[in-house]
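Descriptive structure summary
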Amino acid sequence: EPEVTQTPSHQVTQMGQEVILRCVPISNHLYFYWYRQILGQKVEFLVSFYNNEISEKSEIFDDQFSVERPDGSNFTLKIRSTKLEDSAMYFCASSYLEWGYTFGSGTRLTVV
Amino acid sequence: GENVEQHPSTLSVQEGDSAVIKCTYSDSASNYFPWYKQELGKRPQLIIDIRSNVGEKKDQRIAVTLNKTAKHFSLHITETQPEDSAVYFCAASKSGTSYGKLTFGQGTILTVHP
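Now for a description of the structure that goes with this document. Quantities reported herein were computed from a predicted structural model and do not represent experimental measurements.

Topic: the interface of chain A and chain B
- Between chain A and chain B, the residue contacts involve 23 residues of the former and 21 residues of the latter.
- Between chain A and chain B the total buried area reaches about 1900 Å² when both faces are included, carbon and sulfur atoms providing 58% of it.
- Sorting the residues of chain A by area buried against chain B places Lys42(A), Glu98(A) and Phe103(A) first, and these three jointly supply 30% of that buried surface.
- At the junction of chain A and chain B, the tally comes to 1 salt bridge.
- We note a salt bridge from Glu56(A) to Lys101(B), for which the minimum N-O separation is 3.6 Å.

Written out as structure tokens, the structure is:
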């Protein structure tokens, strides 16, 4: 079964540093998403990406965040200047239609 | 925006019993309702979903019911097994207008005792 692949699985970074989280969605999928989950809490929407542009973003997705699909396969989330409260599990997801997503295995981001 | 409330937050059952988790949503335009199972430290996995044009959907031991008028939907697991123990999340979206953005409930920790 096709998978969404995320790297790295765990990233530790100093506050104020930039991080890039990487995702390889399923190859024929058209919709791409980033979600985050703070430990013990619910999954929260960050951003959706369709047709090479952001289609929707949440209040969490402020100017510190950006997404890119630099080539036909990768989908990245950049956090420009990390804060302690950015510590969370970040999940990438993709879907062919607007439902039935497949989530990646996640990147645990720890900001120290 | 959409708000999804889920209860109970924890649910403990004996193996073989049924488990029911309920969610309510606020936006009457929501039309797609998936349920995800998340084991500790792992990704959410889609276990069943329902669209607003049907009232019930079943897949072996798992069923979902939807009441559009009351804006609530429920997950039913029958003949529970210890491997059903996990966190279950409901979610809602408005496919067709929101590019698939999911709003999740707070999650239910299900524990099935052997």
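Overview of the state of the cysteines
- Within this structure, the stated rule accounts for 2 disulfides over all chains.
- The residue that forms a disulfide with Cys23(A) is Cys92(A), at a sulfur-sulfur distance of 1.9 Å. One disulfide, between Cys23(A) and Cys92(A), carries an S-S torsion of -65 degrees and so falls in the left-handed class. Of this pair, Cys23(A) sits in strand β3 (residues 19-24) while Cys92(A) sits in strand β9 (residues 88-95); the two residues are 69 residues apart in sequence, bridging distant segments of the chain.
- Overall, the relative accessible area of 0% leaves Cys23(A) in the buried class.
- Covalently, Cys23(B) is tied to Cys90(B) through a disulfide, its sulfur atoms 1.9 Å apart. Given an S-S torsion of about -100 degrees, the disulfide between Cys23(B) and Cys90(B) has left-handed geometry. Remark: Cys90(B) occurs in strand β9 (residues 86-92) and Cys23(B) occurs in strand β3 (residues 19-25); sequence separation between them is 67 residues. Each member of the pair, Cys23(B) together with Cys90(B), is buried.

As for the pairing of strand β4 (residues 32-38) of chain B
Residue and element names in this part refer to chain B.
- In terms of burial, β4 is a largely internal element, 7 of the 7 residues being buried.
- By the alternation rule, side chains of β4 split into Tyr32, Pro34, Tyr36 and Gln38 and Phe33, Trp35 and Lys37, which are all buried.
- Here β4 pairs with strand β5 (residues 45-51) via 6 bridges, running antiparallel. Residue Trp35 lies in a different strand from β5, and its bridge partner there is Ile48.
- When β4 meets β9, the two strands line up antiparallel, connected through 4 bridges. Of the residues in β9, the one forming a bridge with Tyr36 is Phe89.

Quick word on the layout of surface pockets
- Estimates place the volume of the largest pocket at around 370 Å³.
- Around the largest pocket sit 21 residues that line it, and Gln37(A), Gly40(A), Gln38(B), Leu40(B) and Val87(B) are the ones nearest its centre.
- For the lining of the largest pocket, the secondary-structure elements that each account for two or more residues are β9 of chain A together with β9 and β11 (108-113) of chain B.
- The element contributing the most residues to the lining of the largest pocket is β9(B), with 3 residues.
- For the lining of the largest pocket, a count of residues per class yields 9 nonpolar, 9 polar and 3 charged.

What counts, and where the lines are drawn
- One numbering rule holds for all chains: residues counted from 1, following each sequence as written.
- The lettering of chains begins at A and the numbering of ligands begins at 1, in the order of writing.
- At least 70 in pLDDT is required for a residue's local features to be given in this predicted model, at least 80 for side-chain atom pairs to be given and counted, and no such filter applies to totals for whole chains, interfaces and linings, which use all residues.
- Only hydrogens and water are set aside when side-chain values are computed; all heavy atoms of the structure are taken into account.
- Pairs of residues are marked as contacts when any of their non-hydrogen atoms sit within 4.5 Å.
- Once two parts are joined, some of their accessible surface, as seen by a 1.4 Å probe, is lost; buried area is that loss totalled over both.
- What makes a salt bridge here is a side-chain nitrogen of Lys or Arg within 4 Å of a carboxyl oxygen of Asp or Glu, nothing more.
- The disulfide definition used here is simple: a pair of cysteine sulfur atoms within 2.5 Å.
- Numbering of helices and strands starts at the N terminus; helices are DSSP runs of H or I of at least 4 residues and strands are runs of E of at least 2.
- Classification of residues uses two cut-offs on accessible area relative to the type maximum, computed with a 1.4 Å probe and protein chains only: under 20% is buried, over 50% is exposed, and between them is partly exposed.
- Two strands qualify as a pair provided DSSP detects at least 2 bridges between them.
- Definitions used for this entry: grid spacing 1 Å over protein atoms alone; cavity, a set of points where a 1.4 Å probe fits but cannot get out; pocket, an open set with protein on both sides within 12 Å along at least 5 of 7 lines; lining residue, one with an atom within 4 Å of a point.
- Grid points are joined across faces, edges and corners, and a volume is the space filled by probe spheres set on the points.
- When residue character is reported, Ala, Val, Leu, Ile, Met, Phe, Trp, Tyr, Cys and Pro are called nonpolar, Asp, Glu, Lys and Arg charged, and the others, Gly included, polar.

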